[in-house]
Amino acid sequence: MPEGHTLHRLARDLRRDLKGSTVHAASPQGRFADGAAQLDGRVVTGTEAYGKHLFLAWDSGLLLYVHLGLIGKFRRKPAPLPDPQGEIRLRLATDDVAWDLSGPMTCTIDTPAIRTRLLAKAGPDPLRRDAEPDRFVTGLARRSSPLAVALLDQSLVSGIGNVYRAEICFLAGIHPLVPAREVSSEDAKVLWVLSVDLLTIGLRLNRIVTRDPQEVGLRSPSRISDDERLYVYKRDGEPCRRCHTTIVWADVGGRRVWWCPRCQPQSARRPSPRRQPVLT
DNA sequence: TACATATGATCAT
DNA sequence: TGATCCTATGTAA
């Protein structure tokens, strides 16, 4: 679940449910009992996402910092509040709703300095208005690693994960294994704009959809089925949705990346990118 | 029942 | 590069 859009969606949903409320906090699983005790009975004063980082501010002046990692989840449970199911590290509850956190990579209480430290080494986040795309463009030009590796590096760009990186390369028409520094600044800008567009759709739908709805004969990405919503991610052995060439994959730094050998050739000569339409 | 896998990241070797 | 952490789910045995 968790690429950047998930965390921004959580920040928004948690804000709507909890901001200004006195919260009952508990750690049913027990591994965050001390932390939950510190939060219990306090008021949430704000929420924020930056890339895959999530912060909840409290009236104590402290921050709850959450990183979901690969398997973490933060699930909403409307009243009547059910008993916690499974390994719930933290439950934040009001009379109306409970939020259950399970499997986070990080869940800590800290001073606001933690946020400053984290943001200082984070690349621009396509979902934030204060993002500086130039940091991505110039940073990319300095990397010798494959583009696919660079796109997962959160110090270069914040919020892209394994699904979006494959899909962004496809839509840009760029082979994921090309050295990042060989990507022209023009193409780097295209990669940035694609990131903004795709993550924005993901935030709105709370689901990753990269497919152009018109290709499927639909008006909105919200109607695209799970089977049809992606171009290349995990589609090895299947035909490209645009040219029918068989999708292939490779291991890059321990993680798989998929691409269409024809739509994303290694050579510099390639079809001009077809951008996803921006949705309002 | 066991194993593989997952949209992540860090630490050790 | 590999091991490790966190949890849930799907598939194989």
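All of these numbers come straight from a predicted model, not from anything done at the bench.

### Some points on the pattern of salt bridges
Logical step 1: This model, assessed by the stated rule, comprises twelve salt bridges.
Logical step 2: Among the salt bridges present, the one from Asp-100 reaches Arg-91, with a minimum N-O distance of 2.7 Å.
Logical step 3: The exposure class of Asp-100 is buried, given its relative accessible area of 3%.
Logical step 4: Linked through salt bridges whose partners overlap, the residues forming this network are Glu-48, Arg-115, Arg-128 and Asp-130.

### Focus on the nonpolar core
Logical step 1: Of all hydrophobic cores here, the largest spans 46 residues; its most connected members are Phe-136, Leu-140, Leu-147, Phe-170, Val-183 and Leu-191.
Logical step 2: Those elements giving two or more residues to this core turn out to be helix 4 (133–141), helix 5 (147–152), helix 6 (162–172), helix 7 (185–205), strand 9 (248–252) and strand 10 (255–259).
Logical step 3: In terms of nonpolar packing, the next biggest core, distinct from the first, is built from 26 residues, Leu-54, Leu-56, Leu-68 and Phe-74 among them.

### Digging into the packing of aromatic side chains
Aromatic ring pairs are reported here in terms of the distance separating the ring centres and the angle at which the planes meet.
Logical step 1: As enumerated under the stated definition, the model contains five aromatic pairs in all.
Logical step 2: Taking the centre distance of 5.4 Å and the plane angle of 25° together, the rings of Phe-55 and Tyr-65 count as stacked. One end of the pair, Phe-55, is in strand 3 (residues 53–58); the other, Tyr-65, is in strand 4 (residues 63–67), and ten residues separate them in sequence.
Logical step 3: Look at Tyr-65 and you get buried, because its relative accessible area is 7%.
Logical step 4: Centre to centre, the rings of Phe-136 and Trp-192 are 5.9 Å apart; their planes meet at 40°, and the pair counts as tilted. Of this pair, Phe-136 sits in helix 4 while Trp-192 sits in helix 7, placing them 56 residues apart in sequence.

### Brief notes about the layout of surface pockets
Logical step 1: Its boundaries defined by the atoms lining it, the largest pocket holds a volume of some 560 Å³.
Logical step 2: What lines the largest pocket is a set of 24 residues, and nearest its centre among them are Met-1, Pro-2, Glu-3, Leu-70 and Val-163.
Logical step 3: Among the elements of the structure, helix 1 (4–18) and helix 6 are those that each provide at least two residues to the lining of the largest pocket.
Logical step 4: Looking at the lining of the largest pocket residue by residue, the class counts come to ten nonpolar, eight polar and six charged.
Logical step 5: For the lining of the largest pocket, the domains that each give at least three residues are domain 1 (4–120) and domain 2 (133–259).

### Some thoughts on the domain arrangement of chain A
Logical step 1: The assigned domain composition of chain A is domain 1 (4–120) and domain 2 (133–259).
Logical step 2: Contact residues are listed per partner, giving nine residues for domain 1 and 16 residues for domain 2.
Logical step 3: With both sides pooled, the region where domain 1 packs onto domain 2 buries about 910 Å², and carbon together with sulfur makes up 55% of that total.
Logical step 4: Among the residues of domain 1 in contact with domain 2, His-5, Arg-9 and Lys-52 are the three that bury the most area, contributing 61% of the side total.
Logical step 5: Taken together, the links from domain 1 to domain 2 amount to zero salt bridges.
Logical step 6: In this assembly, domain 1 and domain 2 are joined by four residue pairs in polar contact (both at pLDDT 80 or more).

### Thoughts on the protein's contact with DNA strand C
Logical step 1: Surveying the vicinity of DNA strand C reveals the residues Gln-29, Arg-31, Ile-71, Gly-86, Glu-87, Arg-89 and Gly-103.
Logical step 2: Near the protein, meaning within 4 Å, the atoms of DNA strand C are sugar or phosphate in a fraction of 63%, with bases accounting for the rest.
Logical step 3: Measuring from a phosphate oxygen of DNA strand C, one finds a backbone N or O atom of Glu-87 at 3.2 Å.
Logical step 4: Within the contact set of DNA strand C, a sugar or linking oxygen lies 3.3 Å away from a side-chain nitrogen or oxygen of Arg-89.
Logical step 5: In terms of residue class, the surface near DNA strand C is built from one nonpolar, three polar and three charged.

### So, the protein's contact with DNA strand B
Logical step 1: Around DNA strand B sit 17 residues in total, of which Lys-52, Gly-69, Tyr-233, Lys-234 and Arg-255 are the nearest.
Logical step 2: At the protein interface, 64% of the atoms of DNA strand B within 4 Å belong to sugar or phosphate.
Logical step 3: Within the backbone of Leu-70, a nitrogen or oxygen atom sits 3.0 Å from a sugar or linking oxygen of DNA strand B.
Logical step 4: In the environment of DNA strand B, a phosphate oxygen lies 2.3 Å from a nitrogen or oxygen atom belonging to the side chain of Tyr-233.

### Here's the deal with unusual backbone geometry
What you tend to see is this: most non-glycine residues have negative phi, and most peptide bonds are trans.
Logical step 1: The omega torsion of the bond from Ala-79 to Pro-80 falls at 0°, within 30 degrees of zero and hence cis.
Logical step 2: Along the chain, Pro-80 falls in the loop between strand 5 (73–78) and strand 6 (90–93).

### Concerning the sheet that holds strand 6
Logical step 1: Strand order in the open sheet made by the four strands is 1-6-7-5, with antiparallel pairing throughout. Sheet topology places strand 1 (24–26) and strand 5 at the edges, where each strand pairs with a single neighbour. Pairwise comparison of adjacent strand axes, ignoring direction, gives a mean angle of 15° for this sheet.
Logical step 2: For strand 5 and strand 7 (residues 97–102), the ladder comprises six bridges, and the chain directions are antiparallel.

The rules behind the values
In every chain, residue numbers begin from 1 and rise along the written sequence. As they are written, the chains are lettered A onward and the ligands numbered 1 onward, keeping that order. Residues qualify for local features only when their pLDDT is at least 70, as the model is predicted, and side-chain atom pairs are given and counted only at 80 or more; totals for whole chains, interfaces and linings, by contrast, use all residues. Just so you know, side-chain values use all the structure's heavy atoms and leave hydrogens and water out. Here, a salt bridge means any Lys or Arg side-chain nitrogen found within 4 Å of an Asp or Glu carboxyl oxygen. Per-residue accessibility, obtained with a 1.4 Å probe over protein chains only, is compared with the maximum for each type, and a residue is labelled buried under 20%, exposed over 50%, and partly exposed between these values. Definition of nonpolar core: a set of buried residues of the types Ala, Val, Leu, Ile, Met, Phe, Trp, Tyr and Cys, connected through side-chain atoms within 4.5 Å. Counting from the N terminus, the helices are the DSSP runs of H or I reaching at least four residues and the strands are the DSSP runs of E reaching at least two. Here is the rule: rings of Phe, Tyr and Trp (six-membered ring for Trp) pair when centre to centre is within 6.5 Å. Planes less than 30 degrees apart are stacked, more than 60 are edge-to-face, and the remainder are tilted. Grid points spaced at 1 Å over the protein atoms alone were grouped into cavities, where a 1.4 Å probe fits but cannot get out, and pockets, open sets with protein on both sides within 12 Å along at least five of seven lines, with lining residues defined by an atom within 4 Å of a point. Grid points are joined across faces, edges and corners, and a volume is the space filled by probe spheres set on the points. Ten residue types, Ala, Val, Leu, Ile, Met, Phe, Trp, Tyr, Cys and Pro, are classed as nonpolar, four, Asp, Glu, Lys and Arg, as charged, and the remainder, Gly among them, as polar. Residue ranges for the domains trace back to a domain assignment, done automatically or taken from a database. Only heavy atoms enter the contact rule, under which two residues are in contact if any of them lie within 4.5 Å. Defined here as a combined quantity, buried area equals the accessible surface (1.4 Å probe) lost by two parts on assembly, summed across both. N or O atoms within 3.5 Å of each other form a polar contact, as long as, within protein, one can give a hydrogen and the other can take it, and as long as residues adjacent in sequence are counted only when both atoms are side-chain atoms. In this text, near means that some heavy atom of the residue lies within 4 Å of the molecule or strand in question. Should DSSP find at least two bridges between two strands, the strands are taken to pair. To obtain each axis, a line is fitted to C-alpha atoms, and for helices this fit is confined to the stretch in contact; angles are then taken between N-to-C directions over 0 to 180 degrees.

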